[in-house]
Structure formats: C-alpha cells, structure tokens
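These are the residues of each chain, in order.
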Amino acid sequence: MGAENLAEIRKTACPLNCWDSCGFKVTVEDGKVIRVEGDETHPITRGKICGRGRMLEKRANSKQRLLHPLKKINGEFIQISWEQALDEIAERFREIKEKYGSTAVLHSHDYANNGILKNLDQRFFNGYGGVTQVYGSLCWGAGIEAQKWDFGNAYSHVPDDLINSKNVIIWGRNVARTNMHLFERLLEAKRQGAAIYVIDPLYNPIAKHADEFITVKPGMDGILAAGIMKEILRLGLEDREFIEHSTHGFKDLVNLLEGISLEKVSEMTEVSCETITQLAYVYSSKPTATYMGLGMQRYKNGGNTIRLIDALVAISGNVGIPGGGANYANLQVGQSFAFAELTNADRKRENRQFSMMKQAEEILTAVNPTIQMIVVTCGNPLTQVPDTNIVKKAFSSVPTVVVLEQFMTDTALLADYVLPITTVFEEEDFYYSSMYHHYINYGPKLVDAPGEAQSDLWVWTQLAERLGFGEDFAFTRDEWLKMTLKPLKGAGITLEKLKDQHTLELPVDKVPWSDHKFQTPTGKFEFTSLLGQIKGLNGSLTLAVPDESKWNNPSLFKEYPYQLLTIHPLRSNHSQNYHLLGEHLKLKIEIAPNIAEEHGLSNGDYVRVWNDRGEVKGHISILVKAHPNTINIDEGIWKRFGGSVNQLTPSGESDNGLGSTLYDCLVNLEKIKTN
Ligand SMILES: Nc1nc2c(c(=O)[nH]1)N[C@H]1C(S)=C(S)[C@@H](COP(=O)(O)OP(=O)(O)OC[C@H]3O[C@@H](n4cnc5c(=O)[nH]c(N)nc54)[C@H](O)[C@@H]3O)O[C@H]1N2
Ligand SMILES: Nc1nc2c(c(=O)[nH]1)N[C@H]1C(S)=C(S)[C@@H](COP(=O)(O)OP(=O)(O)OC[C@H]3O[C@@H](n4cnc5c(=O)[nH]c(N)nc54)[C@H](O)[C@@H]3O)O[C@H]1N2
Ligand code: SF4
Ligand SMILES: [Mo]
C-alpha cells in the first residue's frame, strides 16, 4: 500500500488572529499533519488560504517546539516535570494571595489564538479571586470605542453585501496582505463595475488595483474626512432625511467644519482640494461602502479619526443601506456566545486593571500590591507591546514570570517557568473572528501533541485543582463547547450540527442599522457622543492630529522628521513565523523616495533608525509612491533578527483611552558606514 493511501484529509480551521478565519483541509499521515490547504466548501475561504495558514504545518512540526516544562535556575533553563512545575506555580499563587492579595498577579495576554476555549484563562483567574488584568487593545481599541460612541456598537455588513456597492473605499486596510478574502471579493466587485478607491500613505497591493489611489499623510485621515464632509455640505449632497431623523449633534459637527478651510485641510493632509471634492461626489453617489483598516487608528487621535470617518458615512447617507456601511469590525460575531458563563465572571472578588499599552510602566509603579507574578498567555509582549526597553525592564523586575508558549520567544526567554503548549491541530475547539465575516469553524483534535505539550485548558484545570477550585473546571470539552453555544440554540446552532458541518453561519444582522435604531444613549447616530461625556471624556468631534507631529511637538519634529509605520508582516502573523523563515532574515527599512534622495540612499544600504526610546538597524528598500517622509518597518521581528521594532514605538493611549499609538512615532535615520 502506498503512503498516500494512509493519508487522511480532515477539516479544521485557522486559529490565527486574522480578519479571515478560514476553513482548512488538512492532510494527516502517520499521526502527523503534513499539509494545510483551504477548504473549498467554506463560504469565505473557497479553497484559498494564505502562507501563514499553510505555515501552521511547519509550526506544528518544528524542531524548535517547546516539548517540556522548563524552569530557570541561575539564569539557565532546566527541564522539570509537569508535576513539579504545576506544584511550584500553584504554591506561588497561594503564597502571593495570602501575602499580597490576588491582584499581585498580572495576566498579560493578547489574542494569538481565536479558539473560544482560550477564554477559559479568565475563568481560572476569576476562580483564583481576580487578578490584575489588562484593558484596551494594541490592535483595534481606539476604533472599537469610537464606533461604540457613534453607533452604540461596532458592526460590519456581511461579506456578500459588497456586491451591492457602487463605490468601495478601502481606507487604511492592507487587504491583499492582511484580509485576502476581502481582496478577492474586491477584484470580483471591480469586474462587476464597482469603483475602488484606496486611501493610504503606502502604495500597497490593493492600491495597484484601485481606480484611484489617494496618498494621505499618516494620522491625518480624520482631517481628510472633515474636508470631504465640508464639500458634501457645500455642494448640498448630504442626506438631510437621515441627519434630521436619525442623528444627534449635527450642529456641533457643522460648527467644527466651519473652523477649518478646505485649503487648510489640503495643506495638512497633503491631499489636493480637487481630490477632496471628488471624494465628496463619490460618497454621495450611493451606495458607497467604506472598509476601514486598523493601522490608521493607532495614533493619539485614532478615536477621532474613526469617528470623523463614521460621520462622513452618516451624512452621505451610507449608514444602514445595502452596499454601504462604516465597516470596521463585526462584534456581532463574538457577542453571539455565552462569555459570562464561560468565564464565570461572578467569581471574581478583587479587581485591578492596567492599560494594555502601558502595562510595563504600570508594573514598575504598582503599589498595594506590587506585581509579584506575571502569567503570559497567547501573547509575546517583549516583541509586540510598545517601548520594548521599558517592557523588558518591567518583566525583569517581577519575581516570578510564567509563560505558556509553543516556542522560545523573546518573552519566554525572560520567564522563570515556560510551559509547553499545544498547537491548533492538537486540541479541539471552535474558531471565530469578530473582524470580518460571521461564520464559525469547528476544529477537532487531529494529532497528538509532541513531547509533553499540553493545552492551555489542561494547565488551568491542573492549577485550579491544586488551588482548591477544581470543580470550576470539571467539564468535558463537549460540555464547554455546548456552554458557549447555548444562546444560539434558538437559531438552530448546536455543537452536533457544528461538528457535522464544520462551518455554520451565525444569525447576525446582515446590513446593520437598517432600522436606524442605534445602541447609543439617544438611540440615534451621535456626532456628539453622550457615552463619551458619561465617561468624562470629550464627546465632541475634534480636528485632532497625531501627538508626535510638527503641530503638537515642533521640537521633537525638528530632531525626528520622519513618521514611522510598523505594519503587519506578509509571511508572519505578528511574531509567529520569523524563526521559521530562516536564520538569514534581514531587517528591511522601507522609505519614501524623498528620504532616499535627502540621504543619498539606495536599495540595500545599511542604516540606523532611532529616536529617544531606542534604535534598530537594517537595509533600505525604497517604496515607490509612499507618502513623503514616511518609513515602514514591518512589526513582529524577534530580537535575534534585529527587532523588536517596538524599541522605537510609544506606549501612549489613544484619545478615548482604549487604543494604542504605535504608529504615532517620529524617528530619524542615518546611513551606517559598514567599512
Ligand atoms: N499577513 C498578515 N495578516 C494579518 C496580520 C499579520 O500579522 N500578518 N495580523 C492580523 C491582525 S491581528 C490585524 S489587527 C489585521 C490588521 O489589518 P490591517 O489594518 O490591514 O493592517 P495593519 O498592518 O494593521 O495596518 C496597515 C495599513 O494601514 C495603513 N496605514 C497606516 N497608517 C495609516 C494612516 O494614518 N492612514 C491611512 N489611511 N492608512 C494608514 C498602512 O499603510 C497599511 O496599509 O491584520 C490581520 N492579518
Ligand atoms: N509595532 C507594532 N506592534 C504591534 C502591532 C503593529 O502593527 N505594530 N500590532 C498589534 C496588534 S494588531 C496585535 S493583534 C498584537 C499581537 O500581539 P501578540 O498576540 O502578542 O503576537 P503574536 O506574535 O501573534 O503571538 C503571541 C504568541 O502567542 C503564542 N501562541 C499562539 N497560539 C497559542 C496558544 O494557543 N496558547 C498560548 N499559550 N500561546 C499561543 C505564539 O507562539 C506567539 O509567540 O501586536 C500588536 N503590536
Ligand atoms: S491567517 Fe487568515 S487568511 Fe491566512 S489562512 Fe489563517 S485565517 Fe486564512
Ligand atoms: Mo491585531
């Protein structure tokens, strides 16, 4: 019998934190995953996946996988048994709670795995009594909060609705790289006659397919939206009916727009007046869909940026109509599941929160209690959290650091205990993303984990037993999965059906807000936000600009004249694949042509990029059509390959407090003489 006959093809799903949440067809042979492909029956994936999805096979089978629990003794890791690791960590938990209180433990995490059961970490920490948690998001926090202020929630149209759009604006979303199935649908829409406009400081691959590419100065999209709104109002193209009946605070918006001239908008955004007027006509020639990305809200003024774009979508009458929408995220997806029950929210006794962005500063300054232990799950803060040098100092200052990981990352290297964790193919879960589409995917366990790797859930179960609340975890995988799906019973979604069909459509609103009933305090779309005011913040729209800019910080700008973007890498989800891409990786520094001219640089030249926070070195690549004075270095790079780029980035919080300011970053650059 040939080897092929032993191979079996199984369906599962991509666990990566990504817009697309794909369905997989995986070939399993001799107890190993040997190939990962796209499921052609999946309504979004339609047989195609990206390189990151295919690389999951390499991740799972890598020789670099962590196989045993490790403990650091005198600066060196030694292998210990699970028994010893769990006993010692449980003892630390007990001791810390007694001496300092449970919030002396910090749970530092991100969302590296979209499995629903990954949220059981919260159940563990709640059962323990409540730890210090991180709030806000490096990823999309400013924009989510902005849409909650405007609409009451952050909802997108379903992917199929794109077919109804006459115009599509891709505003700061690098779709060909980060959201491939939207990219494919855009090409289809274009073939069927839709016009595509791309607004971005970088000439990314979707820009190449656009009817028009509009290059904008980074961080200035809110001002651009204000200029387009000014033109819509001047030309009388606004949707009066919607504004009158379904919005709150329109007068405040008009006053704001009167405070800036079109010429000033053009000068600040570096977009011509003609283009701004043209965009006013595009928005009014309905239906126009706006697909916003997350890059453009990682600025101090990020909340206002998204709010002004929402306002533009609203006044042009594109809210709640097929083919329209202010599409940013789709929280309807995550809101479908029974989170409170899964995480046992009521069990929490103590509570303290650190900002996700400033977790390092907060660790260093915490009192009553100080941080005694950090537990890291589904995250790699040493490469992904801004201002790496402070993050390193903070994590090194804490007596016990426990990292649950698949690989020896920069963060794991700093740990006292490293616990080896399974990959997607080695445990059962279901996967979803609240970013783009509304289908959930089932992922069965396909192979055994190598070495002694165990699931996160197994670790929580073991620790809970040792700490006396084992009954909180006394459920089978089926019982957990059923628990999360309970609210969907009425819609006919059951675990049996999900296991059988592998992909199910959630009962979401396909064209959100079509009834014009918004989830805001006034029930209307709010130009002036009551929620913002209730939170003690400025609920009015403002014409804010980035923090690190010539307007807000002229002396800094004099020293550091270039804007640094650190966008998401093509071949890796954040930091996840760099160690698998080969040891000869070169850090690439992409620059706008004017910077190359000013410094006499050519492709391949070796340069240093720096600011007051840190520096990185790498090789020049000149980007055609990039906005002047703009630099990009892809994020996610490990220390050993010249990273992290977050050595340069600021740990600020966005205007509404919940997002990061990763791209609100000025730097300088110089050529390094290598001979
Ligand atoms: N290949 C790949 N795909 C991914 C990921 C990955 O790491 N790798 N990560 C996933 C995750 S977690 C996320 S959050 C998403 C993010 O998906 P995206 O939002 O598409 O990507 P980002 O890299 O966050 O943002 C980069 C885009 O924003 C643009 N941009 C930056 N600043 C500005 C600005 O001021 N104005 C405008 N108009 N545009 C701006 C950049 O030029 C770039 O086109 O991608 C997901 N998909
Ligand atoms: N400069 C800059 N920094 C950024 C960004 C940027 O654009 N620029 N983007 C930000 C964004 S959008 C995001 S979402 C964050 C992402 O930040 P992170 O989520 O921290 O980044 P990842 O590299 O995806 O992964 C974290 C780690 O989780 C591990 N992991 C994967 N699956 C599991 C699992 O099932 N269990 C456990 N215990 N571990 C697992 C992986 O091995 C990996 O080392 O980064 C942010 N940081
Ligand atoms: S990373 Fe995103 S696009 Fe790639 S396979 Fe996974 S879900 Fe699909
Ligand atoms: Mo993200």
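Because the structure is predicted, anything quoted here is derived from the model rather than measured. (Residues numbered from 1 in each chain as written. Chains lettered and ligands numbered in written order. Predicted model: local features only at pLDDT ≥ 70, side-chain atom pairs only at ≥ 80, totals over all residues. Heavy atoms only, no water.)

## With respect to the domain arrangement of the protein chain
For step 1, the next point in the chain: By the assigned domains, the protein chain splits into domain 1 (70–138 + 333–505), domain 2 (157–328 + 515–534) and domain 3 (554–671).
For step 2, the next point in the chain: Distance from the C-alpha centre of domain 2 to the C-alpha centre of domain 3: 27 Å.
For step 3, the next point in the chain: A combined buried area of about 2000 Å² lies between domain 2 and domain 3, and 54% of that area is made up of carbon and sulfur atoms.
For step 4, the next point in the chain: Contact with domain 3 buries area across many residues of domain 2, yet R177, L202 and R298 alone supply 37% of it, more than any other trio.
For step 5, the next point in the chain: Across the pair R177 and D634 runs a salt bridge whose closest N-O atoms are separated by 3.3 Å.
For step 6, the next point in the chain: Between the two partners, domain 2 and domain 3, sit 15 residue pairs in polar contact (both at pLDDT 80 or more).
For step 7, the next point in the chain: Among the secondary structure elements, those contributing two or more residues to the side of domain 2 that touches domain 3 are α7 (175–178) and α15 (302–315).
For step 8, the next point in the chain: The dominant element in the side of domain 2 that touches domain 3, judged by the number of residues it contributes, is α15, at three residues.
For step 9, the next point in the chain: Here the residues of the side of domain 2 that touches domain 3 sort into seven nonpolar, ten polar and five charged. (Domains from an automatic or database assignment. Buried area = accessible area lost by both parts, 1.4 Å probe. Salt bridge = Lys/Arg side-chain N within 4 Å of Asp/Glu carboxyl O. Polar contact = N/O pair within 3.5 Å; in protein donor to acceptor, adjacent residues only side chain to side chain. Helix = DSSP H or I, 4+ residues; strand = E, 2+ residues; numbered from the N terminus. Nonpolar A, V, L, I, M, F, W, Y, C, P; charged D, E, K, R; others polar.)

## Comments concerning the site of ligand 2
For step 1, the next point in the chain: Near ligand 2 you find 30 residues, and of these N380, E405, T566, S575 and N646 are the closest.
For step 2, the next point in the chain: T566 is positioned with one of its side-chain polar atoms (N or O) 2.9 Å from a nitrogen atom of ligand 2.
For step 3, the next point in the chain: Between a nitrogen atom of ligand 2 and a side-chain N or O atom of N646, the distance comes to 2.7 Å.
For step 4, the next point in the chain: Considering ligand 2 on its own, with 920 Å² of exposed area, one finds that the protein chains cover 98% of that surface.
For step 5, the next point in the chain: Considering only residue class, the shell around ligand 2 consists of nine nonpolar, 14 polar and seven charged.
For step 6, the next point in the chain: In terms of domain composition, the shell around ligand 2 takes at least three residues from each of domain 1 (70–138 + 333–505) and domain 3 (554–671). (Near = heavy atom within 4 Å. Areas by Shrake-Rupley, 256 points an atom, 1.4 Å probe, with all protein chains shown as cover.)

## Observations regarding the packing of helix α10 (residues 221–234) against helix α14 (residues 273–284)
For step 1, the next point in the chain: Contact geometry for α10 and α14: axes closest at 8 Å, N-to-C directions at 70°. Comparing their axes, α14 and α10 come out roughly perpendicular. For the pair α10 and α14, the contacting residues are L224, G227, I228, E231, I232 and R234 in the first and I276, T277, L279, A280, Y283 and S284 in the second.
For step 2, the next point in the chain: Broken down by class, the residue content of the contact of α10 with α14 amounts to seven nonpolar, three polar and two charged. (Axes fitted to C-alpha atoms, helices over the stretch in contact; angles between N-to-C directions. Parallel < 35°, antiparallel > 145°, perpendicular 65-115°, else oblique. Contact = heavy atoms within 4.5 Å.)

## Examining the pairing of strand β25 (residues 615–622)
Side-chain direction in a regular strand flips from residue to residue, so the side chains alternate between the two faces of the sheet.
For step 1, the next point in the chain: Sheet analysis places strand β23 (residues 588–591) next to β25, joined by four bridges and oriented parallel. If you follow K588 over to β25, its bridge partner there is H619.
For step 2, the next point in the chain: Here strand β24 (residues 606–610) pairs with β25 via five bridges, running antiparallel. Across the sheet, the residue bridging to W610 is E615, located in β25.
For step 3, the next point in the chain: Where β24 folds back on β25, the antiparallel hairpin that results is connected by four residues. (Pairing = 2+ DSSP bridges.)

## Quick look at the site of ligand 1
For step 1, the next point in the chain: Taken together, 35 residues are adjacent to ligand 1, and T178, D200, G219, D221 and R298 come closest.
For step 2, the next point in the chain: The contact in question runs from an oxygen atom of ligand 1 to an N or O atom on the backbone of N174, over 2.8 Å.
For step 3, the next point in the chain: Contact between ligand 1 and Y299: a nitrogen atom at 3.0 Å from a side-chain N or O atom of the residue.
For step 4, the next point in the chain: With the chains in place, 100% of the 910 Å² that ligand 1 exposes on its own is no longer accessible.
For step 5, the next point in the chain: Considering only residue class, the shell around ligand 1 consists of 17 nonpolar, twelve polar and six charged.
For step 6, the next point in the chain: Composition of the shell around ligand 1 by domain shows at least three residues from each of domain 2 (157–328 + 515–534) and domain 3 (554–671).

## Description of the packing of α10 against α15
For step 1, the next point in the chain: Contact pair α10 / α15: the axes reach a minimum separation of 8 Å and the direction vectors enclose 20°. It follows from the interaxial angle that α10 and α15 lie roughly parallel. Of the two possible hands of crossing, α10 and α15 adopt the one that is left-handed. Along its contact with α10, which presents D221, G222, I223, A225, I228, M229, I232 and L233, the element α15 presents T305, L308, I309, A311, L312 and I315.
For step 2, the next point in the chain: Of the residues belonging to the contact of α10 with α15, the class tally is eleven nonpolar, two polar and one charged. (Left-handed = near helix turned anticlockwise from the far one by under 90°.)

## Section: the environment of K588
For step 1, the next point in the chain: Among the secondary structure elements, K588 is positioned in strand β23.
For step 2, the next point in the chain: When the C-alpha atoms of K588 and A338 are compared, they prove to be 43 Å apart, with 250 residues separating the residues in sequence.
For step 3, the next point in the chain: When near neighbours in sequence (up to four residues on either side) are disregarded, K588 contacts H619, S621, N632 and I633.

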